Amino acid sequence: MKYPDTRIILFNVAGALVTFAALVAVLRSFVFTPSVAPCTERYPAGTIFALERGGALLTSADLQARLGGKDVGLGDNVEIARVKGGPAPVALGVHLAKGSASPHAPAATKGGVSFPWEPRAIQGKAAACLAYSVLLPADFDFHRGGVLPGIHGAEASGETQDGFTAQLAWRRNGRGSVTNHVVQGDRRTGSAEMPAFDLATGRWIKLEQEVVLNTPKQADGVLRVWVDGKLALEAGDMAYRSRPEVTITGIGADVFYGGEDAAGGAPKAATVWVSPFEMRWK
């Protein structure tokens, strides 16, 4: 009896393995969506909102002078301190008094902080990356929700009010999300809520946000959020602008309970710690 040539058998086995591997790769492409690397790994240039100079801590007054008086709550509700075991040696402590809501609120007790950070190098960009870490107290009460720093943009000339805000936020029951506001001419869109993700308390968590502006008048903009390096939110159908003059201008450094009345304010006093902001671009 004549047996098949060993070389032919090995060749056939090798061919079958290659075919099987190709099929597995095709099936994986349908079943698994490749995760996008955090934006800090893909945006090469960047700058940091420094909280110390020459080894000395800055004060709230120093930050106010840097910001040209555009802040609300910085002098009353913020401390700059050295922290142990954090992602950076220095952090901002934002105090949220019991019952306080937005520092812009006309009636409720004003709490938290709100100021713009607009690095010159980011002006005119159509894509940007924001990164910072936040420490919510272990007993933090999410209540009805509140806001965290997020990317914003506007028309550089300032001739119109056109612009957008992609604000990170905390929601009820330990969840996080992004609220989008867009202004185009006389039309202002309501808050567009995105899918939620979990926000841990009692430890530092790193948040990274990527915004890629849409082609004017097309819904092809991109919004992504990573929590501790894992992609938590992704949308590729965003419409941030209708004209090319609207570009990224910086971030809204906001930390406060949402709403403008006591019902949505802080149910108890709390301090939220935030590391120095980092903005990156291509």
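The structure under discussion appears in the preceding block.
Computed from a predicted model, the values in this text were never measured in an experiment.

Quick notes on the rules
- Residues numbered from 1 in each chain as written.
- Predicted model: local features only at pLDDT ≥ 70, side-chain atom pairs only at ≥ 80, totals over all residues.
- Heavy atoms only, no water.
- Helix = DSSP H or I, 4+ residues; strand = E, 2+ residues; numbered from the N terminus.
- Buried < 20%, exposed > 50% of the residue type's maximum accessible area, 1.4 Å probe, protein only.
- Contact = heavy atoms within 4.5 Å.
- Phe/Tyr/Trp six-rings, centres within 6.5 Å; stacked < 30°, edge-to-face > 60°.
- Lys NZ or Arg CZ within 6 Å of the ring centre and 35° of its normal.

## Notes on the overall build of the protein
Secondary structure summary: the protein contains three helices and 20 strands in total. Out of the 282 residues belonging to the protein, those deemed buried represent 46%. Nonlocal contacts in the protein, meaning residues at least 24 apart in sequence, comprise 66% of its contacts between residues at least 6 apart.

## A closer look at the packing of aromatic side chains
This model, assessed by the stated rule, comprises ten aromatic pairs. Both rings, one in phenylalanine 140 and one in tryptophan 170, keep their centres 5.2 Å apart while their planes meet at 80°; by these two values the pair is edge-to-face. Taken together, the positions of phenylalanine 140 in the loop between strand E7 (127-135) and strand E8 (146-147) and tryptophan 170 in strand E10 (residues 163-171) put the pair 30 residues apart, joining distant regions of the chain. With relative accessibility at 8%, the residue phenylalanine 140 sits in the buried group. Overall, tryptophan 170 belongs to the buried group, its relative accessible area being 0%. Arranged with centres 5.1 Å apart and planes meeting at 85°, the rings of tryptophan 170 and tyrosine 257 form a pair that is edge-to-face. One end of the pair, tryptophan 170, is in strand E10; the other, tyrosine 257, is in strand E18 (residues 246-257), and 87 residues separate them in sequence. Taken individually, tryptophan 170 and tyrosine 257 each receive the classification buried, so the pair is uniform in this respect. Geometry around phenylalanine 49 places arginine 66 over its ring, the cationic atom sitting 4.4 Å from the centre.

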